[in-house]
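Analysis of the macromolecular model
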Amino acid sequence: MEKITPFIVMDILKKAREMPDAVHMEVGEPDLPPSPRVEDAFVKAIRDRRFFYTSACGLWELRKKISEHYLKTYNVDVSPERIIITPGTSGAFLIVLALFVERGKRLILSDPSYPCYKNFAYFLGIEPYFIPVEKETNYEIMPEMIKNIDNIGALMVSSPANPTGNLYKVDTLRKLVEFCKEHKIWLISDEIYHGLVYDEKEFTALDFSQDAIVINGFSKYFCMPGFRLGWVIFPEDFVRKAEILIQNIFIAASTPAQYAALEAFDYKYLEIVKNTFRERRNLLYAELKDIFEISLKPEGAFYIWTDISRYEDDSVRFCNLLLEKKAVAVTPGVDFGRNKTDRYVRFAYTTNISHLREGVRRIREFVQDISFK
């Protein structure tokens, strides 16, 4: 447990919430509401007294709806029987890693990557093994990077990724799936930012193998973070095992939230969500690239991974000073790993355009004041 690390960004968020004029670009939480249909369905579920346990696998109607989503979005046929609803993707990670990675085995992760991956691994007695990724490979893990590593239990990929916003190229994803199949390694694909892809088309790992374990949820694209709903698509032989674990650990995901999620697949509204984040990305990228070095224009999610080293080589100090002097909250790169992360910060465009413009204005003032060095 001593290896599980705190998130510095949460301390920054706590301080920022005490500042009435703070510009929040730190937390990966969409500020947009879900479809109005979701809100209506949630209230109706409460009024109809639909707040008793569902089965551990989740509401059957919601599992069917997710299955229909995969057919509509990816033209991939997934049986609802293989889909299990979890309490957020955090619940999904816990169940998946417990089922597919033996204690003492290695979980391959990119560096930088979402910090909870490694912390779940530590919690379960799994060894996180980090692969440094750079702009030269589009921040992707390539098969040749892991071919000489032994004792691998699983490979975790995230596309689009947090914190870099990179989207795995289709050929890379296919080759990773083939490599894992050949070497009897489980491939776990975190697809929580699917839908928030702006210039390309995203592919699910299920396009290439029905043995891939896919994790997704309602927090990002569907704008339902506090509803705490995720899902996992399992290989058929593991559904019952997952159900037993969930019965013992979670019992089931929130029932009213599941009824609300039935109305989340409002594609007309979701197109508005995507276009809103695309507009924000375009604005913030255009503004920040003149201030910092940005090696990759984000292709998805809602983050920009930014090299601040022309001003400061300590991302924690940079973020704390930016908050203290200009009331702008951003996330230090060290939250996401050790691969040069002391020189990076993550900007989240999860606030409206006017706030982003004001944040950039303050950042320009901040970097012009060399006294913070």
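Below you will find a few notes about this structure. (Residues numbered from 1 in each chain as written. Predicted model: local features only at pLDDT ≥ 70, side-chain atom pairs only at ≥ 80, totals over all residues. Heavy atoms only, no water.)

Comments concerning the sheet that holds strand E5 (residues 152–158)
Test applied: A pair of strands is considered paired only if DSSP assigns at least 2 bridges between the two. Secondary structure elements follow DSSP: runs of H or I no shorter than four residues count as helices, runs of E no shorter than two count as strands, and numbering proceeds from the N terminus. Structural elements are reduced to axes, namely lines fitted to C-alpha atoms, with helices fitted over the stretch in contact, and the angle between N-to-C directions of any two is expressed from 0 to 180 degrees.
Strands sit in the order E2-E8-E7-E6-E5-E3-E4 across an open sheet of 7 strands; the sheet is mixed. Edge positions in the open sheet fall to strand E2 (83–86) and strand E4 (127–132), since each of these has one partner strand only. Pairs of neighbouring strands in the sheet enclose a mean axial angle of 25°, with direction left out of account. For strand E7 (residues 213–217) and strand E8 (residues 230–233), the ladder comprises 4 bridges, and the chain directions are antiparallel. The partner of Gly217 across the bridge, within E8, is Gly230.

Brief notes about the environment of Thr86
Formally: Here's how the labels work: a residue is buried when its accessible area is under 20% of the maximum for its type, exposed when over 50%, partly exposed in between, all with a 1.4 Å probe on protein chains only. Here, residues are in contact when the closest pair of their heavy atoms is within 4.5 Å. Two N or O atoms form a polar contact when they lie within 3.5 Å of each other; inside protein one atom must be a possible hydrogen donor and the other a possible acceptor, and for residues adjacent in sequence the pair counts only when both atoms belong to side chains.
Along the polypeptide, Thr86 turns up in strand E2. Accessibility expressed as a relative area gives 1% for Thr86, which makes it buried. Here Thr86 is in contact with Gly91, Ala92, Arg228, Leu229, Gly230, Trp231, Val232, Ile246 and Ala253, once residues within four sequence places are set aside. Within the local environment of Thr86, its side chain forms a polar contact with the backbone oxygen of Gly88, the two atoms lying 2.8 Å apart.

Some remarks on the nonpolar core
Grouped burial of nonpolar side chains is what soluble globular proteins tend to show. Keep this limit in mind: Residues belong to a common nonpolar core when they are buried Ala, Val, Leu, Ile, Met, Phe, Trp, Tyr or Cys residues joined through side-chain atoms within 4.5 Å.
Core analysis: the biggest nonpolar cluster contains 97 residues, and Leu155, Phe218, Leu288, Phe292, Phe347 and Ile363 have the highest contact counts within it. Of all the elements, helix H9 (residues 267–288) adds the most residues to this core, at 8 residues. Other than its neighbours up to four places away in sequence, Leu288 contacts Ile294, Ile304, Thr306, Phe347, Val360 and Ile363. Leu124, Ile126, Val232 and Phe238 belong to the second largest nonpolar core, which has 30 residues in total.

A short note on the packing of aromatic side chains
Rules: Geometry of aromatic contacts follows a simple scheme: Phe, Tyr and Trp rings, the Trp one being its six-membered ring, pair when their centres are within 6.5 Å, and the pair is stacked under 30 degrees between planes, edge-to-face over 60, tilted otherwise. By the criterion adopted, a ring carries a charge over it if an Arg CZ or a Lys NZ lies within 6 Å of its centre and within 35 degrees of its normal.
Enumeration according to the criterion identifies 29 aromatic pairs in this entry. An angle of 70° between the planes, with centres 4.8 Å apart, marks the rings of Phe100 and Trp186 as edge-to-face. Placement of the pair is Phe100 in helix H4 (residues 88–100) and Trp186 in strand E6 (residues 186–190), with a sequence separation of 86 residues. An angle of 15° between the planes, with centres 6.2 Å apart, marks the rings of Phe100 and Phe234 as stacked. Taken as a pair, Phe100 in helix H4 and Phe234 in the loop between E8 and helix H7 (239–249) lie far apart in primary sequence, 134 residues in all. A relative accessible area of 6% places Phe100 in the buried class. Residue Phe234 is classed as buried on the basis of its relative accessible area, which comes to 1%. Ring-pair connections join several aromatic residues into one group, and the members of that group are Tyr70, Tyr74, Phe218, Tyr221, Phe222, Trp231 and Phe265. One residue, Lys72, lies across the ring of Tyr267, its end atom 4.9 Å from the ring centre.

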